[in-house]
Amino acid sequence: MQKKPIKNTLNIDNRLLVRAEYLNHKFVSGNKLRKLKYNLEFAKHQNIDTLLTFGGAFSNHISATAAAGKEFGFKTIGIIRGEELKTSFKTNPTLSFAYACGMQFKFVTRQQYREKTNEDFIKNLKEEFGEFYLLPEGGTNELAVKGCEEILTEADSVFDYICCPVGTGGTISGVINSSNSHQKILGFPALKGDFLQEEIAKFATQNNWELITDYHFGGYAKTNDDLIEFINNFKSKHNVPLDPIYTGKMVFGIYDLIEKGYFLKGSKILAIHTGGLQGIEGMNQKLKQQNRPLIV
């Protein structure tokens, strides 16, 4: 007997289903809840009450870490890329939300931000803030991958293809590790460049995956009007919101690949909706400034 899809799996059509991870928490939603789960457990076990992490102006990870800190009793510190944001962050929807959750900010130049993994840079942060639990940019580490391995269940063995947006590579690594050998895992990077192959290979325990690099729309946080129109039409038709950085690009790519005959006839496709919806408000700010169509 074929197993039924688990809760929060939305049937889009006969071939495509969407795992609505964005419904798993109001603020720490999608893959961020998965990534933080075991990191927060480990920090508590170590009796560390402060989380420090990194991100940009509209970072899902910054928003989620701040919300998780407020809910689970951690102080939070965000090292934010862009010194110019110091005087204007309260007009930024992501940073103003994180601030309201109690996150303390340190704004650094883009040049300084590139040093975020440097030992001396981390040492200086410890001298400034004291003891903290370090979460990398995007939240990807071994414990994050462990959490993302819980996205798939035994019932998902019915799918032939599993599609996942890719930022830092942690989520897709977890999906790869918990997939079955007969399944093909397709990653849709939001960034340009081939460095993600190496990052994913650090954590992935299987080779049944491929990165589809044709749908980044110019790179991270880049969009065009075709993508915005697709996102709006998809929500209108299926009542499923897509963010313009990750899931919107992935689902656009899936439909394009279906039209091109990429997927085997009769195959079933599962798309992992990793959340990121908090970023829509910030993107709409930019689109409005550019006098372009908004995401509804």
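- Within an unreviewed UniProt entry, the label attached to the protein chain reads 1-aminocyclopropane-1-carboxylate deaminase, and the organism entered is Meridianimaribacter flavus.
- Quoted verbatim from the Cofactor (unreviewed entry) field of UniProt, the annotation for the protein chain is "pyridoxal 5'-phosphate".
- Quoted verbatim from the Sequence similarities (unreviewed entry) heading of the UniProt record, the comment on the protein chain is "Belongs to the ACC deaminase/D-cysteine desulfhydrase family."

1. Looking at the overall build of the protein chain
Point 1. A tally of helices and strands in the protein chain yields eleven helices and ten strands.
Point 2. The C-alpha atoms of the protein chain give a radius of gyration of 19 Å, which matches the 19 Å a tight globule of 296 residues would have.
Point 3. The contacts in the protein chain between residues at least 6 apart in sequence include a share of 73% that link residues at least 24 apart.
Point 4. Here the protein chain displays about 14,500 Å² of accessible surface, and carbon together with sulfur accounts for 48% of that area.
Point 5. Here the protein chain carries 36 positive and 32 negative side-chain charges, and the mean point of each set is 5 Å from the other.

2. Quick notes on the UniProt feature "domain: Tryptophan synthase beta chain-like PALP" (unreviewed entry) in the protein chain
Point 1. According to UniProt, the "domain: Tryptophan synthase beta chain-like PALP" (unreviewed entry) feature falls on residues 13-275.
Point 2. Between the C-alpha atoms that bound residues 13-275 there is a distance of 20 Å. The span itself is 39% helix and 17% strand.

3. Quick notes on the pattern of salt bridges
Point 1. Inspection of the entire model under this criterion finds eleven salt bridges.
Point 2. Its salt-bridge partner being Asp156, residue Arg19 comes within 2.7 Å of it at the nearest N-O pair. Residue Arg19 is found in strand 2 (residues 16-20), and its partner Asp156 is found in the loop between helix 6 (142-148) and strand 7 (161-166); the two are separated by 137 residues along the sequence. For the residue pair Arg19 and Asp156, the accessibility class agrees, reading buried in each case.
Point 3. Between Lys184 and Glu210 there is a salt bridge, with the nearest N and O atoms lying 3.0 Å from each other. Taken together, the residues span a long stretch of sequence, with Lys184 in strand 8 (residues 184-189) and Glu210 in strand 9 (residues 209-211) at a distance of 26 residues.
Point 4. Because the salt bridges share partners, they merge into one network encompassing Arg81, Lys116 and Glu137.

4. Overview of the pairing of strand 5 (residues 104-108)
Point 1. As paired elements, strand 4 (residues 75-81) and strand 5 share five bridges and run parallel to each other. Paired with Arg81 across the strands is Val108, a residue of strand 5.
Point 2. Read from strand 4 through helix 3 (residues 93-100) to strand 5, the crossover connection turns out right-handed.

5. Let's talk about the packing of helix 2 (residues 60-72) against helix 3
Point 1. Two elements in contact, helix 2 and helix 3, have axes whose closest approach is 8 Å; the angle formed by their N-to-C orientations is 15 degrees. One element, helix 2, and the other, helix 3, form an angle in the roughly parallel class. Helix-helix and strand crossings are classified by hand; for helix 2 and helix 3 the assignment is left-handed. When helix 2 is examined against helix 3, the residues Ile62, Ser63, Ala66, Ala67 and Lys70 are found in contact with a partner set consisting of Thr94, Leu95, Phe97, Ala98 and Ala100.

6. A word on the side chain of Ser179
Point 1. The residue Ser179 is located in the loop between helix 7 (170-178) and strand 8 in this model.
Point 2. Within the structure, Ser179 has its side chain in polar contact with the side chain of Asn208 (distance 3.0 Å).
Point 3. Among all residues touching Ser179, those that are not within four sequence positions of it are Leu152, Ile185, Gln206 and Asn208.

7. With respect to the environment of Ser157
Point 1. Topologically, Ser157 is positioned in the loop between helix 6 and strand 7.
Point 2. For Ser157, a relative accessible area of 28% corresponds to the partly exposed category.
Point 3. When sequence neighbours within four positions are dropped, the list of residues in contact with Ser157 reads Asn180, His182 and Gln183.
Point 4. Only 3.0 Å separates the side chain of Ser157 from the backbone oxygen of Glu154, close enough to count as a polar contact.

8. Topic: the sheet that holds strand 4
Point 1. Spatial strand order, 5-4-3-6: four strands in an open sheet with parallel pairing. Only two strands of the sheet have a single partner each, and these edge strands are strand 5 and strand 6 (133-134).
Point 2. Summarising the sheet, strand 3 (residues 50-55) and strand 6 pair through two bridges and their orientation is parallel. Bridge assignment links Leu51 to a residue of strand 6, and that residue is Tyr133.
Point 3. Most of the contacts of helix 2 go to strand 3, to which it runs at about 165 degrees, and overall it touches strand 3 and strand 4.

So, how was this worked out
- Residues numbered from 1 in each chain as written.
- Predicted model: local features only at pLDDT ≥ 70, side-chain atom pairs only at ≥ 80, totals over all residues.
- Heavy atoms only, no water.
- UniProt positions renumbered as here; feature names shortened; annotations may be inferred.
- Helix = DSSP H or I, 4+ residues; strand = E, 2+ residues; numbered from the N terminus.
- Rg over C-alpha atoms; globule rule 2.2 N^0.38 Å.
- Contact = heavy atoms within 4.5 Å.
- Areas by Shrake-Rupley, 256 points an atom, 1.4 Å probe, with all protein chains shown as cover.
- Lys, Arg positive; Asp, Glu negative; His and termini not counted.
- Charge placed at Lys NZ, Arg CZ, Asp CG, Glu CD.
- Salt bridge = Lys/Arg side-chain N within 4 Å of Asp/Glu carboxyl O.
- Buried < 20%, exposed > 50% of the residue type's maximum accessible area, 1.4 Å probe, protein only.
- Pairing = 2+ DSSP bridges.
- Right-handed = clockwise from strand over helix to strand, strands pointing away.
- Axes fitted to C-alpha atoms, helices over the stretch in contact; angles between N-to-C directions.
- Parallel < 35°, antiparallel > 145°, perpendicular 65-115°, else oblique.
- Left-handed = near helix turned anticlockwise from the far one by under 90°.
- Polar contact = N/O pair within 3.5 Å; in protein donor to acceptor, adjacent residues only side chain to side chain.

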